[in-house]
Amino acid sequence: QVQLVESGGGLVQAGGSLRLSCAASGSVFSINAMAWYRQAPGKQRVLVARINTGGGSTNYADSMKGRCTISRDNAKNTVYLQMNSLKPEDTAVYYCNADVQRSPSHRNDYWGQGTQVTVSS
């Protein structure tokens, strides 16, 4: 079994910053990619940022591009999301996602429990 544990969420004022982290543990053979998604009340869960753990390529949601940076520590199976210039519309539950290669022939998608980010006006 694979577990993803997020941390770093909280309450910040508009214009503030937060750094989220997510660590994967368990039956991990390797991780192909890790990502952050978010879901605001009444909204669909959407991608915020994703990073390939092999080549390090990244992609970002248009709404966050320029205001956040995703990074990873492959040795620790950990991904980070640095968010700056936060806006009230960034308020959401942020979820960590990992594309895990559990064995050479088994690949699965895992989700963390989510961490709340609230940005006050």
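Located above this text is the structure these notes cover.
S.K.: Explain the pattern of salt bridges to me, please; I cannot follow it from the model alone.
M.R.: Side-chain pairs of opposite charge can arise whenever the charged atoms involved come near each other. Going through the model one piece at a time under the given rule, you end up with 3 salt bridges. A salt bridge links Arg38 to Asp90; the nearest nitrogen and oxygen atoms lie 3.0 Å apart. Here Arg38 is found in strand E4 (residues 30-39), whereas its partner Asp90 is found in the loop between strand E8 (78-83) and strand E9 (92-103), with 52 residues between them in sequence. Summarising the burial analysis for this pair, Arg38 and Asp90 share the class buried. Note that Arg107 is salt-bridged to Asp99, the shortest N-O span being 2.4 Å.

S.K.: Explain the side chain of Gln101 to me, please; I cannot follow it from the model alone.
M.R.: Among the secondary structure elements, Gln101 is positioned in strand E9. Note on Gln101: relative accessible area 15%, which makes it buried.

S.K.: Hey, could you run me through the nonpolar core in this one?
M.R.: Here is a general trend for soluble globular proteins: nonpolar side chains tend to be buried in one another's company. Within the largest apolar cluster, 28 residues are counted, with the highest numbers of intra-cluster contacts made by Met34, Trp36, Leu81, Met83 and Tyr94. Sorting the residues of this core by element identifies strand E1 (2-7), strand E3 (18-26), E4, strand E5 (46-52), strand E7 (68-73), E8, E9 and strand E11 (115-120) as the ones contributing at least two each. Here this core takes 5 residues from E9, the largest share from any one element. Residue contacts for Met83: discarding those within four places in its chain leaves Gly16, Ser17, Leu18, Leu20, Met64, Arg67, Cys68, Tyr94 and Val117.

S.K.: Which parts of the structure should I look at to understand unusual backbone geometry?
M.R.: Across the chain, the bulk of peptide bonds are trans and the bulk of non-glycine residues have phi less than zero. The backbone phi angle of Asn77 is positive, close to 50°, even though this residue is not glycine. In this structure, Asn77 sits in the loop between E7 and E8. Accessibility expressed as a relative area gives 23% for Asn77, which makes it partly exposed. Positioned with a positive phi, Ser85 is a non-glycine residue whose angle comes to about 50°. For Ser85, the location among the structural elements is in the loop between E8 and E9. For Ser85, a relative accessible area of 42% corresponds to the partly exposed category.

S.K.: Quick question: what am I supposed to make of the state of the cysteines here?
M.R.: By definition, a disulfide is the covalent link that joins the sulfur atoms of two cysteine residues. Enumeration over the complete set of coordinates arrives at 1 disulfide. With its sulfur 2.0 Å from that of its partner, Cys22 forms a disulfide with Cys96. Across the disulfide from Cys22 to Cys96, rotation about the S-S bond amounts to roughly -85°, and the bridge is consequently left-handed. In this pair, Cys22 is assigned in strand E3 and Cys96 in strand E9, connecting sequence segments 74 residues apart. Neither Cys22 nor Cys96 differs from the other in exposure class; each is buried. Cys96 supplies the cysteine sulfur nearest to Cys68, a cysteine that is in no disulfide, at a spacing of 14 Å. What makes Cys68 buried here is its relative accessible area of 5%.

S.K.: What should I look at first to understand the sheet that holds E1 in this one?
M.R.: Strand pairing in a sheet relies on backbone hydrogen bonds, with the paired strands running either antiparallel or parallel. Strand order in the open sheet made by the 4 strands is E1-E3-E8-E7, with antiparallel pairing throughout. Of all the strands in the sheet, the pair left with one neighbour each is E1 and E7. On average, adjacent strands in this sheet sit at an angle of 15° to one another, irrespective of strand direction. Alignment of E7 against E8, held across 6 bridges, turns out to be antiparallel.

The rules behind each value
- Residues numbered from 1 in each chain as written.
- Predicted model: local features only at pLDDT ≥ 70, side-chain atom pairs only at ≥ 80, totals over all residues.
- Heavy atoms only, no water.
- Salt bridge = Lys/Arg side-chain N within 4 Å of Asp/Glu carboxyl O.
- Helix = DSSP H or I, 4+ residues; strand = E, 2+ residues; numbered from the N terminus.
- Buried < 20%, exposed > 50% of the residue type's maximum accessible area, 1.4 Å probe, protein only.
- Core = buried A, V, L, I, M, F, W, Y, C linked by side-chain atoms within 4.5 Å.
- Contact = heavy atoms within 4.5 Å.
- Disulfide = S-S within 2.5 Å.
- Pairing = 2+ DSSP bridges.
- Axes fitted to C-alpha atoms, helices over the stretch in contact; angles between N-to-C directions.

Purely geometric numbers; function is a separate question.
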